[in-house]
Amino acid sequence: MSDTKKLLVDPLSTNNPITVQVLGVCSALAVTSTIANSLVMGVAVIFVTALANLTISLLRNLIPGRIRMIVQLVVIAFLVTLVSIFLKAFLYDLSKELSVFVGLIITNCIVMGRLEAFAMGNKPIPALLDGVGNGMGYAIILIIVGAIRELFGAGQLMGFQVIPEAVYNFGYENNGLMVLPISSIFLIGIIIWIQRSRDKELVDIS
Amino acid sequence: MEFVNIFVKSAFLENMVLIYFLGMCSFLAVSKSVKTAVGLGAAVIFVLAITAPINWCVREFLLKEGALAPILGDAYAEVSLEFLGLIIYIAVIATMVQLVEMIIEKYSPALYMSLGIFLPLITVNCSILGGTLFMITKEYGFSESIVYGMGSGFGFFLAIVGIAAIREKLKYSDVPAPLRGLGMAFILTGLMGLGFMGLMGIKL
């Protein structure tokens, strides 16, 4: 039981895919401008990592070593296409806003990295849990960054105004930097800093 | 002149790494020394310049609405295979990378040795697929797509060599321990990105 829990909880903190494994930084930084965007992207990635891990783990004894990359890519691309079509059908505005970044989940290193590192050598159920765990670890960072950016960039959370009008009348202004995608890079840098000062084992020695 | 414009735009104003944050994984992982960064950067230019036009052809002659009509007859005039795009583009990229690897291995073993490990990694570099997808949303033509591929590859090259140079110098400075390595790399990327954003709005 503790093993299954470990698979799910570890990626949230001590083995976080973004801040510790440095996987999957690529596709999502530009889309964390609001919590809603982060949530959709997070859920999409959880779906893809979980099902891709499960599928590859089921197939792991059938896939020849030399062409495993291409097999993995096809499985991932299939799942991402499903997500992309689903978003276009039910959340059209959001899918416009996320534009090419949904497609780029294919090359999101988390998916590929977990397939290579875990699903190729483990049974289907642990692989599924590992996928869900890593997807959540990714989503949680995205949501933290999205929340900070939305709060300071627009004074809102989930689209509701949380900083009252009176504060603006005193001369408070929204932070222009937080609207730019570049701020997410700084925020993740700072998250890494905080995490590593709390957990000394993660510090880079080199 | 238009080509120069596209090149400059894709390399500086819409830099893959520093403006769109694509290809971050390899950007952060392989930027510890300038020498390896140059190798990876060169490989990315090469692959982007090849895959962008090929994927343009694939889309134009196979996937686009009505593209099948000249081959299979008028009954297919309204068929659009656009939804297969992602799978096909990534397959094209994977094959092209494999092909480029074999060609380089045959004709220039020296270059192969220096690029060797990075070439297969490029398949999952987001900037390659990103290049294709952006090229499609921008609706470039064939020759423009070649220039766009080369330009964005060059942008990646510039960014990764730049950050590698800074990180080499940074070894001698006294960074707080928890920020060392990855944390610092993120903040550096942010600062470089701010610098590149200063170029925004330039028109040639």
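Keep in mind that this is a model prediction, so the values were computed, not measured.

1. A closer look at the overall build of chain B
Regarding its fold elements, chain B presents ten helices and zero strands. Reading the secondary structure of chain B in the N-to-C direction produces α-α-α-α-α-α-α-α-α-α. Counting only residues that meet the buried cut, chain B has 51% of its 204 residues in that class. Put simply, 75% of the contacts in chain B that link residues at least 6 apart link residues at least 24 apart. Surface accessibility of chain B: about 9300 Å² in total, with carbon and sulfur atoms responsible for 70%. For chain B, the centre of its 12 positive side-chain charges and the centre of its 13 negative side-chain charges are spaced 16 Å apart.

2. Some words on the overall build of chain A
A count of helical and extended segments in chain A gives ten helices and two strands. Put simply, chain A runs from its N terminus to its C terminus through helices and strands in the order α-α-α-α-α-α-α-β-β-α-α-α. Here the C-alpha radius of gyration of chain A, 18 Å, is about what a compact globule of 206 residues would show, namely 17 Å. Seen along its three principal axes, the alpha-carbon backbone of chain A occupies a region of about 65 × 45 × 35 Å. Here chain A holds 206 residues, and 47% of them are scored as buried. In chain A, once contacts between residues fewer than 6 apart in sequence are set aside, the share between residues at least 24 apart is 74%. Here chain A has roughly 9800 Å² of accessible surface; of this, 68% comes from carbon and sulfur atoms. Averaging the locations of the 13 positively and 12 negatively charged side chains of chain A gives two centres separated by 11 Å.

3. Quick look at helix 10 (residues 182-197) of chain B
Here helix 10 of chain B is 16 residues long and its end C-alpha atoms lie 22 Å apart, about the 22 Å a rise of 1.5 Å per residue gives. Burial of helix 10 of chain B is extensive: 13 of the 16 residues sit out of reach of the surface.

4. Observations regarding unusual backbone geometry
All names here are of chain B. Its identity is not glycine, yet Glu 139 carries a phi of approximately 55°, on the positive side. By the secondary structure assignment, Glu 139 is in the loop between helix 8 (126-137) and helix 9 (142-170). Exposure remark for Glu 139: the relative accessible area of 69% places this residue in the exposed category.

5. A look at the packing of aromatic side chains
All names here are of chain B. Here the structure, examined in full by the defined rule, presents eight aromatic pairs over all chains. A centroid spacing of 5.3 Å and a plane angle of 45° characterise the contact between Tyr 140 and Tyr 148, whose relative ring orientation is tilted. Comparing Tyr 140 with Tyr 148 shows no difference in burial state: the two are buried. Put simply, the rings of Phe 7, Phe 154 and Phe 157 touch in pairs and so form one group of aromatic residues. The side chain of Lys 106 reaches across the aromatic face of Tyr 107, ending 5.3 Å from its centre.

6. Focus: the packing of helix 10 (residues 182-198) of chain A against helix 10 of chain B
Where helix 10 of chain A meets helix 10 of chain B, the axes come as close as 8 Å, and the angle between the chain directions of the two elements is 165°. For the element pair helix 10 of chain A / helix 10 of chain B, the angle class is roughly antiparallel. At the point where helix 10 of chain A passes helix 10 of chain B, the crossing takes the left-handed sense. Between helix 10 of chain A and helix 10 of chain B, the residues in contact are Ile182(A), Ile185(A), Phe186(A), Ile188(A), Gly189(A), Ile192(A) and Arg196(A) and Leu182(B), Gly183(B), Phe186(B), Ile187(B), Thr189(B), Gly190(B), Leu191(B), Gly193(B), Leu194(B) and Met197(B), respectively. Across the contact of helix 10 of chain A with helix 10 of chain B, the residue classes tally to eleven nonpolar, five polar and one charged.

7. Some remarks on the interface of chain A and chain B
Each side of the interface is counted separately: chain A has 39 residues, and chain B has 40 residues. Here chain A packs against chain B, burying approximately 3300 Å² in sum over the two surfaces, 85% of which is carbon and sulfur. Applying the counting criterion to the chain A and chain B interface returns zero salt bridges. If you look at where chain A meets chain B, you find zero residue pairs in polar contact (both at pLDDT 80 or more). Of all the elements, helix 10 of chain A adds the most residues to the side of chain A that touches chain B, at nine residues.

8. Here's the deal with the environment of Leu58(A)
Assignment of secondary structure puts Leu58(A) in helix 2 (residues 35-59). Separated by 61 residues in sequence, Leu58(A) and Ala119(A) have C-alpha atoms that sit 8.6 Å apart.

9. A word on the confidence of the model for chain B
Residues and elements named next belong to chain B. Per-residue confidence for chain B averages 82 on the pLDDT scale, and 96% of its residues sit at or above 70. The least confident element of chain B is helix 7 (residues 118-122), whose mean pLDDT is 70; the most confident is helix 9, at 90. Across the whole predicted complex the pTM is 0.81, and at the interface the ipTM reaches 0.76.

10. A look at the pattern of salt bridges
Evaluated as defined, the whole model comprises two salt bridges over all chains. Among the ionic pairs, Asp130(A) bridges to Arg114(A), the shortest N-O distance being 3.0 Å. Remark: Arg114(A) occurs in helix 6 (residues 109-117) and Asp130(A) occurs in helix 7 (residues 124-154); sequence separation between them is 16 residues. For the pair Asp130(A) and Arg114(A), a shared accessibility class is recorded, and that class is buried. One salt bridge in this structure joins Glu14(B) and Lys138(B), with 2.7 Å as the shortest N-O distance. Placement of Glu14(B) in the loop between helix 1 (2-13) and helix 2 (24-29) and of Lys138(B) in the loop between helix 8 and helix 9 is noted, with a sequence separation of 124 residues between them. When its relative accessible area of 26% is taken as the criterion, Lys138(B) is described as partly exposed.

11. With respect to the confidence of the model for chain A
On average, chain A scores 80 in pLDDT, and the residues at 70 or more come to 94%. Within chain A, the lowest mean pLDDT, 74, falls on helix 1 (residues 2-9) of chain A, and the highest, 87, falls on helix 2 of chain A.

Rules and cut-offs
- Residues numbered from 1 in each chain as written.
- Chains lettered and ligands numbered in written order.
- Predicted model: local features only at pLDDT ≥ 70, side-chain atom pairs only at ≥ 80, totals over all residues.
- Heavy atoms only, no water.
- Helix = DSSP H or I, 4+ residues; strand = E, 2+ residues; numbered from the N terminus.
- Buried < 20%, exposed > 50% of the residue type's maximum accessible area, 1.4 Å probe, protein only.
- Contact = heavy atoms within 4.5 Å.
- Areas by Shrake-Rupley, 256 points an atom, 1.4 Å probe, with all protein chains shown as cover.
- Lys, Arg positive; Asp, Glu negative; His and termini not counted.
- Charge placed at Lys NZ, Arg CZ, Asp CG, Glu CD.
- Rg over C-alpha atoms; globule rule 2.2 N^0.38 Å.
- Expected span 1.5 Å × (residues − 1).
- Phe/Tyr/Trp six-rings, centres within 6.5 Å; stacked < 30°, edge-to-face > 60°.
- Lys NZ or Arg CZ within 6 Å of the ring centre and 35° of its normal.
- Axes fitted to C-alpha atoms, helices over the stretch in contact; angles between N-to-C directions.
- Parallel < 35°, antiparallel > 145°, perpendicular 65-115°, else oblique.
- Left-handed = near helix turned anticlockwise from the far one by under 90°.
- Nonpolar A, V, L, I, M, F, W, Y, C, P; charged D, E, K, R; others polar.
- Buried area = accessible area lost by both parts, 1.4 Å probe.
- Salt bridge = Lys/Arg side-chain N within 4 Å of Asp/Glu carboxyl O.
- Polar contact = N/O pair within 3.5 Å; in protein donor to acceptor, adjacent residues only side chain to side chain.
- pLDDT = per-residue confidence, 0-100.

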